[in-house]
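These are the residues of each chain, in order.
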Amino acid sequence: MNVARSWLVTYRGFLAELLMAECDDRSRRRSERRIKAACFPRDKSLRTFDFDANPNIDAATTHTLASCEWIKKSQPLCLIGDSGTGKSHMLIALGTEAAMAGYRVKYVLATKLVNELVEAADEKQLSKTIARYGRVDLLCIDELGYMELDRRGAELLFQVLTEREEKNSVAIASNESFGGWTKTFTDPRLCAAIVDRLTFNGTIIETGTDSYRLASTRARAEHAAAS
């Protein structure tokens, strides 16, 4: 009898472990599908971010953001700084954390998003396209401010932001400070409205001006010269 009971306990333990392994595997596959659906251009993680190389980015703040509480509260995030300071890495890494946490995420370049909106408007599909971008829990817009947008493009982008306002989060990466956004959004009132929607109750991280990529290239060149 004791042998039978012992066997039953062992069998139940085996089934429990098997079930847990199956659940973990399903969870992993769901995370992989969400990450793939986000359309990130490359793999980036917080684990591989070199916080020592850029003291402007606070590790504690970043890891708090990785908890995704700001997404749960539908708050925005702005990463502002020069090229090579880690903005895109941080944007993709936090987007990946959100996807792994179960949120629907979409990554897109600002110019690509605007072009898609213009094409959708021309094809009478604008409402459908805006609704599609409005449904995701986190919209990551990269390289905002690299190119000037005409009034129509800026207004269409504004519609996407308005659709998401206080309902779903937007995270942006820009090489321009807010004061320089008038070069991207040439209508001052529209520019002010866009800044307002991207900063209200949000987090702003200034990544600085010193390029990590440039510093790494110089260090490698100096090391090669010394060798």
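Since the model is a prediction, treat every value here as computed from it, not as a measurement. (Residues numbered from 1 in each chain as written. Predicted model: local features only at pLDDT ≥ 70, side-chain atom pairs only at ≥ 80, totals over all residues. Heavy atoms only, no water.)

Participant: Please clarify how the overall build of the protein should be interpreted in this entry.
Facilitator: Secondary structure summary: the protein contains nine helices and five strands in total. Taken from the N to the C terminus, the helices and strands of the protein come in the order α-α-α-β-α-β-α-α-β-α-β-α-β-α. Within the span of the protein, comprising 227 residues, buried residues form 41% of the whole. Partitioning the contacts of the protein with sequence separation of at least 6, the portion at a separation of at least 24 is 83%. Of the roughly 13,300 Å² that the protein leaves accessible, carbon and sulfur atoms contribute 52%. (Helix = DSSP H or I, 4+ residues; strand = E, 2+ residues; numbered from the N terminus. Buried < 20%, exposed > 50% of the residue type's maximum accessible area, 1.4 Å probe, protein only. Contact = heavy atoms within 4.5 Å. Areas by Shrake-Rupley, 256 points an atom, 1.4 Å probe, with all protein chains shown as cover.)

Participant: In this structure, what is going on with the pattern of salt bridges? I would like to understand it.
Facilitator: Pairing is possible between side chains that carry opposite charge, provided their charged atoms lie close to one another. Using the criterion set out here, one finds eight salt bridges in the structure. One salt bridge connects Glu116 with Arg132, and the closest N-O pair in it is separated by 2.6 Å. On the criterion of sequence distance, the pair formed by Glu116 in helix 5 (residues 110-122) and Arg132 in helix 6 (residues 126-135) is long-range, its members being 16 residues apart. Note on Arg132: relative accessible area 36%, which makes it partly exposed. Arg152 is the salt-bridge partner of Asp122, the closest N and O atoms lying 2.8 Å from each other. (Salt bridge = Lys/Arg side-chain N within 4 Å of Asp/Glu carboxyl O.)

Participant: Can you walk me through the sheet that holds strand 4 (residues 169-174) in this structure?
Facilitator: Two strands in a sheet stick together by hydrogen bonds in their backbones, pointing the same way (parallel) or opposite ways (antiparallel). Strand order in the open sheet formed by five strands is 2-3-4-1-5, with parallel pairing between adjacent strands. Since the sheet does not close on itself, it has two edges, and those belong to strand 2 (105-109) and strand 5 (203-208), each with one partner. Here the average twist between neighbouring strands, direction ignored, is 15 degrees. Inspection of the sheet shows strand 2 paired to strand 3 (residues 138-144) by five bridges, in the parallel sense. By the bridge assignment for strand 3, Tyr107 is matched with Cys140. Sheet contacts for helix 5: strand 2 and strand 3; angle to strand 2, the most-contacted strand, approximately 95 degrees. (Pairing = 2+ DSSP bridges. Axes fitted to C-alpha atoms, helices over the stretch in contact; angles between N-to-C directions.)

Participant: Sorry, what's going on with the pairing of strand 3 here?
Facilitator: Taken residue by residue, a regular strand's side chains alternate between the two faces of the sheet. Counting buried residues along strand 3, six of its seven residues qualify, which places the element largely inside the surrounding structure. The pairing of strand 3 with strand 4 spans five bridges and is parallel. Across the sheet, Leu139 pairs through a bridge with Val170, a residue of strand 4. In this region the chain leaves strand 3, passes through helix 7 (residues 151-164) and returns to the parallel neighbour strand 4; the handedness of that crossover is right-handed. (Right-handed = clockwise from strand over helix to strand, strands pointing away.)

Participant: Whenever I open this one, the nonpolar core confuses me. Can you help?
Facilitator: Note that soluble globular proteins tend to have their nonpolar side chains buried in a common cluster. Core analysis: the largest hydrophobic core is formed by 31 residues, its most contacted members being Ile141, Leu157, Ile172, Trp181, Phe185 and Leu198. Put simply, the parts of the chain that give this core at least two residues each are strand 1 (77-81), helix 5, helix 6, strand 3, helix 7, strand 4 and helix 8 (188-199). At six residues, the largest contribution of residues to this core is made by helix 7. Not counting the four nearest positions on each side in its chain, Phe185 is found in contact with Leu144, Leu149, Ala154, Leu157, Cys191 and Ile194. Judged by nonpolar contacts, the second largest core, of 28 residues, contains Ala38, Ala99, Tyr103 and Ala173. (Core = buried A, V, L, I, M, F, W, Y, C linked by side-chain atoms within 4.5 Å.)

Participant: Even after reading the chapter, I still don't get the side chain of Arg164, so can you show me in this structure?
Facilitator: Mapping Arg164 onto the fold places it in helix 7. For the buried residue Arg164, which engages in no salt bridge, the nearest side chain bearing the opposite charge is Asp137, 6.9 Å off. A polar side-chain atom of Arg164 sits 2.5 Å from the main-chain carbonyl oxygen of Ser169. Here Arg164 is in contact with Tyr133, Gly134, Arg135, Val136, Asp137, Leu138, Leu139, Ser169 and Val170, once residues within four sequence places are set aside. (Lys, Arg positive; Asp, Glu negative; His and termini not counted. Polar contact = N/O pair within 3.5 Å; in protein donor to acceptor, adjacent residues only side chain to side chain.)

Participant: Looking at this structure, how should I read the packing of helix 5 against helix 6?
Facilitator: Two quantities define a packed helix pair, namely the angle between the axes and the distance from one axis to the other. Look at helix 5 against helix 6: their axes get within 7 Å of each other, and the N-to-C directions meet at 145 degrees. Across the interface between the two elements, Leu113, Glu116, Leu117, Ala120 and Ala121 from helix 5 touch Leu126, Thr129, Ile130, Arg132 and Tyr133 from helix 6. Its residues assigned to classes, the contact of helix 5 with helix 6 shows seven nonpolar, one polar and two charged. (Nonpolar A, V, L, I, M, F, W, Y, C, P; charged D, E, K, R; others polar.)

Participant: So what exactly am I meant to see when it comes to helix 4 (residues 87-100) here?
Facilitator: Count 3.6 residues to each turn of an α-helix, and residues three or four apart come out pointing the same way. With 14 residues, helix 4 should reach 20 Å at 1.5 Å per residue; the first-to-last C-alpha distance of 20 Å fits that figure. The element helix 4 is extensively covered by neighbouring structure, given that twelve of its 14 residues are classed as buried. Every buried residue belonging to helix 4 is among Lys87, Ser88, His89, Met90, Leu91, Ile92, Ala93, Leu94, Gly95, Thr96, Ala98 and Ala99, and all of these are buried. In the stretch just after helix 4, Gly102 is the one whose phi turns positive, near 105 degrees. (Expected span 1.5 Å × (residues − 1).)

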